Amino acid sequence: MNLERFPRVDLCHAPTPLEFMPRLTQHLGGPQLWIKRDDCTGMALGGNKARKLAFLLGDALQHGANHLVTLGALQSNHVRQTAAAAARLGLACTVLLEHRHPNPDEAYLHNGNVLLDGLLGAEIVHLPGGTDMPAALTQVGDALRAKGQRPYLIPSGGSNPVGTLGYVLAAQELLNQAREKSLHLDHIVLASGSAGTQAGLVVGVAAQNSSVGVQGFAVSQAAHLQHARVSALALATAQWIGDIPEIPPEAIRVNADYLGKGYSIPTPAMVEAVQQVARLEGILLDPVYTGKAMAGLMDWIRRGHYRANENIVFIHTGGQAGLFGFCDALSQSTPDSRHIEAPQRQKDI
Ligand SMILES: *Cc1c(COP(=O)(O)O)cnc(C)c1O
């Protein structure tokens, strides 16, 4: 399979490291745990969307676009990385942010990704929860075109066949790294949202005739809905590339048991997973995606789902900026900081 004919912009720091997690592995006492550091793709705090944007922006430039338009939740990582990519290429950028939370606190409203969207120079349009976001995207695109701009519209999470190419290529990168380390990978585990990451990995793995399993933990909807979303996108992407071996239905593995009450709503297991990985490996996960996927992986390991000699690679898809938008959920469970009686500093005259 050759992806060279698809235009691409050099946006990512790649290959990203593939690292072993010795202390987490030992702590859980199960399979060998590796982590693919796609939080280190470099695009204004990194994350998985940079890989999709490399292809989306290649396509945008080929179409002569001068203005990117995209959408997401208020704390969207995808929107932040899109704003950064636009800045890097000197394109204008308008982002539509949906306010989905009924009782947002100050941090959620102003810190984290939304703070960075503004710093990166994106024009922000705030929309109430329940807005038909794809319709709003089309409407903003039409208005820009009427003003003589050349907009390029990017769907939720950059997850169309063009963006998904980023993870077809990432699968190739990961399998090459494993080969170089003489490492036999048994399972790839990741958070699954708008589905481009999982669909791209599934297609990339099939294209290489690898037997590694790709397990998605859904973070936004029920398992059967997420399964259908990943399948449809994998099929469309395989057709877009052409000449990919058929993807059997069982290659799409989705579990939604760790989603909790819904997208971006914190769960105790997510908080525990974020803390454990931080304290055992010095690696920061995020509260919306990787924290919930890791909660799933940790629970499955405790339940004996995997053998000790299996190698699992967790895809760190980024999202740490979101930590600062969810201070409340994450700081409640910090252990009490101790106070000591310290002498007073001498006053300067
Ligand atoms: C968007 C995102 C995901 C999910 O990737 P999809 O391709 O949308 O399924 C996972 N982790 C983080 C941090 C993200 O921002």
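Residues numbered from 1 in each chain as written. Predicted model: local features only at pLDDT ≥ 70, side-chain atom pairs only at ≥ 80, totals over all residues. Heavy atoms only, no water.

Trainee: Can you help me understand the domain arrangement of the protein chain in this one?
Mentor: A common way to state how big an interface is: give the accessible area lost once the parts meet. Domain boundaries assigned for the protein chain yield domain 1 (18-46 + 160-331) and domain 2 (49-158). Listed by partner, the interface residues are 32 residues for domain 1 and 28 residues for domain 2. Between domain 1 and domain 2, roughly 2300 Å² of surface is buried when both sides are summed, and carbon and sulfur atoms account for 60% of that area. Among the residues of domain 1 in contact with domain 2, Met43, Asn160 and Val162 are the three that bury the most area, contributing 21% of the side total. Taken together, the connections running from domain 1 to domain 2 amount to two salt bridges. Here glutamate 173 makes a salt bridge to arginine 51, at a shortest N to O gap of 2.9 Å. One can count seven residue pairs in polar contact (both at pLDDT 80 or more) joining domain 1 with domain 2. Counting residues per element, the side of domain 1 that touches domain 2 draws most heavily on helix H7 (residues 161-180), which supplies nine residues. Here the residues of the side of domain 1 that touches domain 2 are counted per class, giving 15 nonpolar, 13 polar and four charged. (Domains from an automatic or database assignment. Contact = heavy atoms within 4.5 Å. Buried area = accessible area lost by both parts, 1.4 Å probe. Salt bridge = Lys/Arg side-chain N within 4 Å of Asp/Glu carboxyl O. Polar contact = N/O pair within 3.5 Å; in protein donor to acceptor, adjacent residues only side chain to side chain. Helix = DSSP H or I, 4+ residues; strand = E, 2+ residues; numbered from the N terminus. Nonpolar A, V, L, I, M, F, W, Y, C, P; charged D, E, K, R; others polar.)

Trainee: I would appreciate a short explanation of the sheet that holds strand E8 (residues 213-218) in the present structure.
Mentor: Strand pairing in a sheet takes place through backbone hydrogen bonds and is either antiparallel or parallel in direction. The sheet built from six strands is open, its strands ordered E1-E2-E10-E7-E8-E9 with mixed pairing. At either end of the open sheet lies a strand with only one pairing partner, and these are strand E1 (18-20) and strand E9 (253-255). Here the average twist between neighbouring strands, direction ignored, is 25°. Here strand E7 (residues 187-192) runs beside E8; their pairing, made up of six bridges, is parallel. Along E8, the bridge assignment pairs leucine 190 with glycine 216. On top of the sheet, helix H9 (residues 223-241) reaches E7, E8 and E9; it is set at about 150° to E9, its chief contact. (Pairing = 2+ DSSP bridges. Axes fitted to C-alpha atoms, helices over the stretch in contact; angles between N-to-C directions.)

Trainee: Explain the sheet that holds strand E3 (residues 67-73) here, please?
Mentor: The four strands lie next to each other as E5-E4-E3-E6, forming an open sheet whose pairing is parallel. Edge strands, defined here as strands with exactly one partner in the open sheet, are strand E5 (123-128) and strand E6 (151-153). The average angle at which neighbouring strand axes cross in this sheet is 25°, direction not considered. Sheet topology note: the E3/strand E4 (residues 92-99) ladder contains seven bridges and is parallel. Residue leucine 68 lies in a different strand from E4, and its bridge partner there is cysteine 93. Sheet contacts for helix H6 (residues 133-146): E3, E4, E5 and E6; angle to E3, the most-contacted strand, approximately 160°.

Trainee: Would you mind showing me how to read the site of the ligand here?
Mentor: Lys49, Lys52, Ser194, Thr197 and Thr317 are the nearest of the 16 residues found near the ligand. Between the ligand and asparagine 77, the relevant distance is 3.0 Å, taken from an oxygen atom to a side-chain nitrogen or oxygen of the residue. Summarising the interface, the protein chains cover 98% of the accessible area of the ligand, which totals 380 Å² for the free molecule. Most atoms of the ligand, that is more than half of them, are within 2 Å of grid points of the largest pocket. If you list the elements that add at least two residues to the shell around the ligand, you get helix H2 (49-62) and helix H8 (196-207). Tallied by class, the residues present in the shell around the ligand amount to two nonpolar, eleven polar and three charged. Two domains each provide a minimum of three residues to the shell around the ligand, namely domain 1 (18-46 + 160-331) and domain 2 (49-158). (Near = heavy atom within 4 Å. Areas by Shrake-Rupley, 256 points an atom, 1.4 Å probe, with all protein chains shown as cover. 1 Å grid on protein atoms, 1.4 Å probe; cavity = no way out; pocket = protein on both sides within 12 Å on 5 of 7 lines; lining within 4 Å. Sits in = over half its atoms within 2 Å of the grid points.)

Trainee: Please explain the environment of glycine 204 as it appears in this structure.
Mentor: Note that glycine 204 resides in helix H8. Residue glycine 204 is classed as buried on the basis of its relative accessible area, which comes to 0%. Glycine 204 sits 175 residues away from glycine 29 along the chain, and the two C-alpha atoms are 30 Å apart. Excluding its chain neighbours within four sequence positions, the residues that come into contact with glycine 204 are Val168 and Ala171. (Buried < 20%, exposed > 50% of the residue type's maximum accessible area, 1.4 Å probe, protein only.)

Trainee: What is the right way to look at the packing of H7 against H9 in this model?
Mentor: Each pair of packed helices can be summarised by the angle the axes make with each other and by the distance between the axes. H9 packs onto H7 with a crossing angle of 85° between their chain directions and a minimal axis gap of 9 Å. Considered as vectors, H7 and H9 are oriented roughly perpendicular to each other. Contacts between H7 and H9 involve Pro161, Val162, Thr164, Leu165 and Val168 on the former and, on the latter, Leu233, Ala236, Thr237, Trp240 and Ile241. Class assignment of the residues belonging to the contact of H7 with H9 gives a composition of eight nonpolar, two polar and no charged. (Parallel < 35°, antiparallel > 145°, perpendicular 65-115°, else oblique.)

Trainee: Just checking my understanding: could you explain the pairing of E7 for this structure?
Mentor: Every other side chain in a regular strand lies on the same face of the sheet, so the side chains alternate between the two faces. Most of E7 is tucked away, with six of its six residues classed as buried. Once you follow E7 into H8 and on to E8, the crossover reads as right-handed. Two strands pair when backbone bridges link them, and E7 and strand E10 (residues 311-315) are joined in this way by three bridges, in the parallel orientation. When the sheet's bridge partners are listed, isoleucine 188 is paired in E10 with valine 313. (Right-handed = clockwise from strand over helix to strand, strands pointing away.)

Trainee: I tried to follow helix H10 (residues 268-281) on my own but got confused; where do I start?
Mentor: Residues lying three or four places apart along an α-helix face the same way, a consequence of the helix completing one turn every 3.6 residues. When the terminal C-alpha atoms of H10 are compared, their 20 Å separation across 14 residues agrees well with the 20 Å that a helix rising 1.5 Å per residue should span. Turning to H10, its buried residues are Met270, Val271, Ala273, Val274, Gln275, Gln276, Val277, Leu280 and Glu281. Those residues of H10 hidden inside the fold are in contact with helix H1 (22-28), helix H11 (290-302) and helix H12 (327-331). (Expected span 1.5 Å × (residues − 1).)

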